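Chain residues, written in single-letter form:
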Amino acid sequence: ARGPLISMGKPVESTIRAKLLQALQPVHLEVHNKSSMHAVPRGSETHFKVVIASQCFAGLPLLQRHRLVNEILQAELAGPVHALSIQAKTPQQWEENQSVSQSPGCLGGSRHDPHMATKLGSQG
Amino acid sequence: MGRRNGLEVDRSACGFRCKKLSLGKAAMSGSLCWLRAASLLRGAPLRWGARPLSQAAAGDGSSPGGGEGGRGSRESVERLVRAHPVVVFMKGNPGQPLCGFSNAVVQILRLHGVQDFQAYDVLQDPDLRQGIKNYSNWPTIPQVYLNGEFVGGCDILLQMHQNGDLVEELKKLGIRSALLDAEKDQDKK
């Protein structure tokens, strides 16, 4: 996605936000760049956490909700995004419980991971 | 980072104080603090160190035997996911996970007393790494399979743990969750 939503220095985050807004019209959306918690260079956009509440998830089991988000962000996942944590709720579930699980700490896996060079390279 | 009983304990990561852990060699680095925090969201009390650490048969990261070429092929992956009731594709191995999300999966299974599960280290096998993603049509690692069926990654397993679904799914596999015993002991007090 291009246009006013792309903010300087955060192209991946902006794209993720734009795509989810457009596809799922959520009542609540948080897109967090968690890359700083992991063994990747500063300023990377490789590890994300998304908290999203949308009516589109109604009736869908957890796996299908996550698959829906994965599909929307297919290009990002095939490209720069190495890890995507998802919390997908219906608007009602979000109203009932707005707690969000903490992300687990890094164990340095990216340092051992030959795929990371490709991911980081695709960030320009 | 502090050191207690030979285990590295990070109190700063989440503010929870790590209690004495009798869980063996794995460096926890605050990951159990995180998991305890997540479990408290579920409202279930936790008993630490109730079960010994288990090492999966393939937990040393070795490639699965019998894979004559095409270890990432659909057929080969299918054999792996069906070979055991609980199968995890992860980074590192249960004794030394190399990714926080993979570690979380291992810790959740251990909390439930799942002592016997098959783990595969995808960092050791690029064909398997791509093969498992193709098989499940799921872009990330870790991946958890119960009774040959893909259930999800770290986020989903955590939510299943929090909402009680994991206890039920393990029951279907004939595995009694250790948390049921923990809750039973709690009720007796």
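Residues numbered from 1 in each chain as written. Chains lettered and ligands numbered in written order. Predicted model: local features only at pLDDT ≥ 70, side-chain atom pairs only at ≥ 80, totals over all residues. Heavy atoms only, no water.

In the nomenclature of an unreviewed UniProt entry, chain B corresponds to Glutaredoxin-related protein 5, mitochondrial from the organism Chelonoidis abingdonii.

The name given to chain A in an unreviewed UniProt entry is BolA-like protein 1, with Chelonoidis abingdonii as the source organism. UniProt annotates chain A under Subunit (unreviewed entry) with the comment "Interacts with GLRX5." In the Function (unreviewed entry) part of its UniProt record, chain A is described as follows: "Acts as a mitochondrial iron-sulfur (Fe-S) cluster assembly factor that facilitates (Fe-S) cluster insertion into a subset of mitochondrial proteins. Probably acts together with the monothiol glutaredoxin GLRX5. May protect cells against oxidative stress." (UniProt positions renumbered as here; feature names shortened; annotations may be inferred.)

Concerning the interface of chain B and chain A
Each side of the interface is counted separately: chain B has 30 residues, and chain A has 26 residues. Overall, the association of chain B and chain A removes approximately 2,400 Å² of surface from exposure, summing both partners, and the carbon and sulfur fraction of that is 60%. Taken together, the connections running from chain B to chain A amount to 0 salt bridges. Viewed at the interface, chain A and chain B are joined by 5 residue pairs in polar contact (both at pLDDT 80 or more). Those elements that place two or more of their residues in the side of chain B that touches chain A are α1 (31-42), α3 (100-111), α4 (126-136), β8 (149-152) and α5 (154-163) of chain B. For the side of chain B that touches chain A, the element with the highest residue contribution is α5(B), accounting for 6 residues. Across the side of chain B that touches chain A, the residue classes break down as 18 nonpolar, 9 polar and 3 charged. (Contact = heavy atoms within 4.5 Å. Buried area = accessible area lost by both parts, 1.4 Å probe. Salt bridge = Lys/Arg side-chain N within 4 Å of Asp/Glu carboxyl O. Polar contact = N/O pair within 3.5 Å; in protein donor to acceptor, adjacent residues only side chain to side chain. Helix = DSSP H or I, 4+ residues; strand = E, 2+ residues; numbered from the N terminus. Nonpolar A, V, L, I, M, F, W, Y, C, P; charged D, E, K, R; others polar.)

Details of α5(B)
Along an α-helix, a turn takes 3.6 residues, which lines up residues three or four apart on a common side. All names here are of chain B. In terms of burial, α5 is a largely internal element, 9 of the 10 residues being buried. Along α5, the residues that are buried comprise Cys 154, Asp 155, Ile 156, Leu 157, Leu 158, Gln 159, Met 160, His 161 and Gln 162. Of the residues trailing α5, Gly 164 is marked for its positive phi of about 90°. (Buried < 20%, exposed > 50% of the residue type's maximum accessible area, 1.4 Å probe, protein only.)

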